[in-house]
Amino acid sequence: MNLQHVKAVFDEQKQPAFRLAQAKRAFFVDMVGGWDQVTTFSKPLREALEKGVAWSSVKLVVVKKSADAKTIKALFECADGKKIEAVLMRSETGRNTVCLSCQVGCPMGCTFCATGTMGLVRNLTAEEMVDQVMHFARELKPEGAQVTNIVYMGMGEPMNNYDEVMKSIRALHDPEGFNLGSRHFTVSTCGLVPGILKFAEEPMQVNLAISLHSAVNETRTKIMPVNRAFPVEKLMNAVETYCARTNRKVFFEYLLLKGINDTPEEARALIKLMEKNPRLYHVNLIKYHDTALYEGTPKDDRNDFLLQLKEAEIPVTHRVSFGEDIDAACGQLAVRESSTGKMTQGTEAARENRQSKPKPAGV
């Protein structure tokens, strides 16, 4: 919901100032489904709002649920017809995490990621990001559940849409609205140094995650083109600046790819990098989810890699995978719509997007 547009309608209708707070409460707290359900407003006012302001800037198109019912993936259509995906992940502990998108597509070209095959279409607005969360919040409400965490790890690079991302976080953190604590947000970046340094100056205690995937420049450049501009040394200098200014833990995402970044040499390089600040560095190992290009590290080898880090006393966890069977897991979000209107998602979309592109060097 665009509150500025709501205020404009109220002004036009000569409504008192407190109406805006009522609208905000109906949307963020009561989580009703539309203007027609805001019964504190008169019927003529509801009709004026219905004509003037969309309740949601994104429209649900398709829903997919994983076989274990722990993951729900939603395909949304924006007002301009562009399509994005967001995911709700439900753990047995009661943690309900929304993985939202901040861009339509992504410009970064990480070779293991399906979203990167789309290229960048456009940035999302803060309103479009908030509305992804609110969709799932309304779905959870009837069962007495709520969104407990939000991660900016879906489609797009958050640091490339910095201002709108932060605007959406402030809107969802607002104590008079959705009121989610700042430590329940995580922003993930592939390593854009200017964004990390800017993020270090933010007063809110929002979590930072870095998609590292290799501590070796040669390897990281092969799988993540961003490493050419911001190699590991430059990236880690920015991370150290962030830690010094915020004293907050940084999470390093590490997707294990067979024969590429899972070797003993790669493990040693990662350990050496993490040893510089074990108090504030934490590694999240991630299983590779098929995006039609790589082969994932086998389970036993993933466990061996984990053990090497633990023996070196590096804080590390093996992140639980959600929604791989519906192409909702890490790196699998992608959309492709043909000229005939046929739409594909996930691995199939990534495959189609790659057909006309050369295979990345070193793969």
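To be clear, the structure that these remarks concern was listed above.
Residues numbered from 1 in each chain as written. Predicted model: local features only at pLDDT ≥ 70, side-chain atom pairs only at ≥ 80, totals over all residues. Heavy atoms only, no water.

Asker: For this particular structure, what's the right way to read the layout of surface pockets?
Answerer: In this model, the second largest pocket occupies a volume close to 350 Å³. As for the second largest pocket, its lining consists of 15 residues, and the residues nearest its centre are Met 1, Asn 2, Leu 3, Glu 127 and Lys 167. Of all the secondary structure elements, the ones that give two or more residues to the lining of the second largest pocket are helix H1 (3-12), helix H2 (18-28), helix H4 (126-140) and helix H5 (162-173). The element best represented in the lining of the second largest pocket is H4, accounting for four residues. (1 Å grid on protein atoms, 1.4 Å probe; cavity = no way out; pocket = protein on both sides within 12 Å on 5 of 7 lines; lining within 4 Å. Points joined across faces, edges and corners; volume = space filled by probe spheres on them. Helix = DSSP H or I, 4+ residues; strand = E, 2+ residues; numbered from the N terminus.)

Asker: I'm lost on the side chain of Glu 253 in this one. Help?
Answerer: Locating Glu 253 in the fold gives a position in strand S10 (residues 250-256). For Glu 253, the side chain forms a polar contact with the side chain of Asn 284, separated by 3.3 Å. Excluding anything up to four places from it in sequence, Glu 253 contacts Met 153, Ala 209, Ile 210, Ser 211, Leu 212, His 213, Asn 284, Ile 286 and Arg 319. (Polar contact = N/O pair within 3.5 Å; in protein donor to acceptor, adjacent residues only side chain to side chain. Contact = heavy atoms within 4.5 Å.)

Asker: Whenever I open this one, the packing of helix H10 (residues 264-274) against helix H11 (residues 299-311) confuses me. Can you help?
Answerer: To describe two helices that pack against each other, one gives the angle between their axes and the distance between the axes. Contact geometry for H10 and H11: axes closest at 10 Å, N-to-C directions at 35 degrees. Crossing hand, H10 versus H11: right-handed. In this structure, H10 contributes Pro 264, Ala 267, Leu 270 and Ile 271 to the contact, and H11 contributes Phe 305, Gln 308 and Leu 309. Grouping the constituent residues of the contact of H10 with H11 by class yields six nonpolar, one polar and no charged. (Axes fitted to C-alpha atoms, helices over the stretch in contact; angles between N-to-C directions. Left-handed = near helix turned anticlockwise from the far one by under 90°. Nonpolar A, V, L, I, M, F, W, Y, C, P; charged D, E, K, R; others polar.)

Asker: Can you help me understand the pattern of salt bridges in this one?
Answerer: Pairing of side chains with opposite charge becomes possible as their charged atoms draw close. Taken as a whole and assessed by the stated rule, the structure comprises 15 salt bridges. Ionic pairing is found between Arg 122 and Asp 80, a salt bridge with its closest N-O pair at 2.7 Å. Pair noted here: Arg 122 is in strand S6 (residues 120-123) and Asp 80 is in the loop between strand S2 (71-78) and strand S3 (83-90), with a separation of 42 residues, a long-range link. Salt bridges linked by common partners bring Lys 59, Glu 77 and Lys 83 together as one network. (Salt bridge = Lys/Arg side-chain N within 4 Å of Asp/Glu carboxyl O.)

Asker: Explanation requested: the nonpolar core in the structure shown.
Answerer: Nonpolar side chains in soluble globular proteins generally cluster together in the buried interior. Residues Trp 35, Tyr 152, Leu 172, Phe 178 and Met 274 are the most contacted members of the largest nonpolar core, which totals 106 residues. Among all residues touching Phe 178, those that are not within four sequence positions of it are Phe 28, Met 31, Val 133, Met 134, Ala 137, Val 147 and Leu 172. (Core = buried A, V, L, I, M, F, W, Y, C linked by side-chain atoms within 4.5 Å. Buried < 20%, exposed > 50% of the residue type's maximum accessible area, 1.4 Å probe, protein only.)

Asker: Is there a simple way to think about H1 in this case?
Answerer: An α-helical turn contains 3.6 residues, so a residue and the one three or four places further along point in the same direction. Regarding H1, the residues found buried are Val 6, Val 9 and Phe 10. Projected down its long axis, H1 carries its buried residues within an arc of 100 degrees, all on one side. Projecting away from the buried face of H1 at angles above 90 degrees are the exposed residues Gln 4 and Glu 12. Its buried side turned inward, H1 meets H2 and helix H3 (43-52). The opening residue of H1 is Asn 2, an N-cap whose side-chain oxygen sits 3.0 Å from the backbone nitrogen of Gln 4. Positive phi appears at Lys 14, one or two residues downstream of H1, with a value of about 55 degrees. (Arc of directions from axis to C-beta.)

Asker: Got a minute to help me understand the environment of Ala 137 in this structure?
Answerer: Its location among the elements puts Ala 137 in helix H4. Note on Ala 137: relative accessible area 2%, which makes it buried. Once you skip the residues sitting within four places of it in the chain, Ala 137 turns out to touch Met 31, Val 147 and Phe 178.

Asker: Would you take a moment to explain the packing of aromatic side chains for this structure?
Answerer: Each aromatic ring pair is characterised by the separation of its centres together with the angle its planes make. Summed over the entire model, instances satisfying the criterion amount to nine aromatic pairs. With a centroid separation of 4.9 Å and an interplanar angle of 85 degrees, the aromatic rings of Phe 27 and Phe 28 are classed as edge-to-face. For the pair Phe 27 and Phe 28, a shared accessibility class is recorded, and that class is buried. Taking the centre distance of 6.1 Å and the plane angle of 90 degrees together, the rings of Tyr 288 and Tyr 294 count as edge-to-face. Summarising the burial analysis for this pair, Tyr 288 and Tyr 294 share the class buried. (Phe/Tyr/Trp six-rings, centres within 6.5 Å; stacked < 30°, edge-to-face > 60°.)

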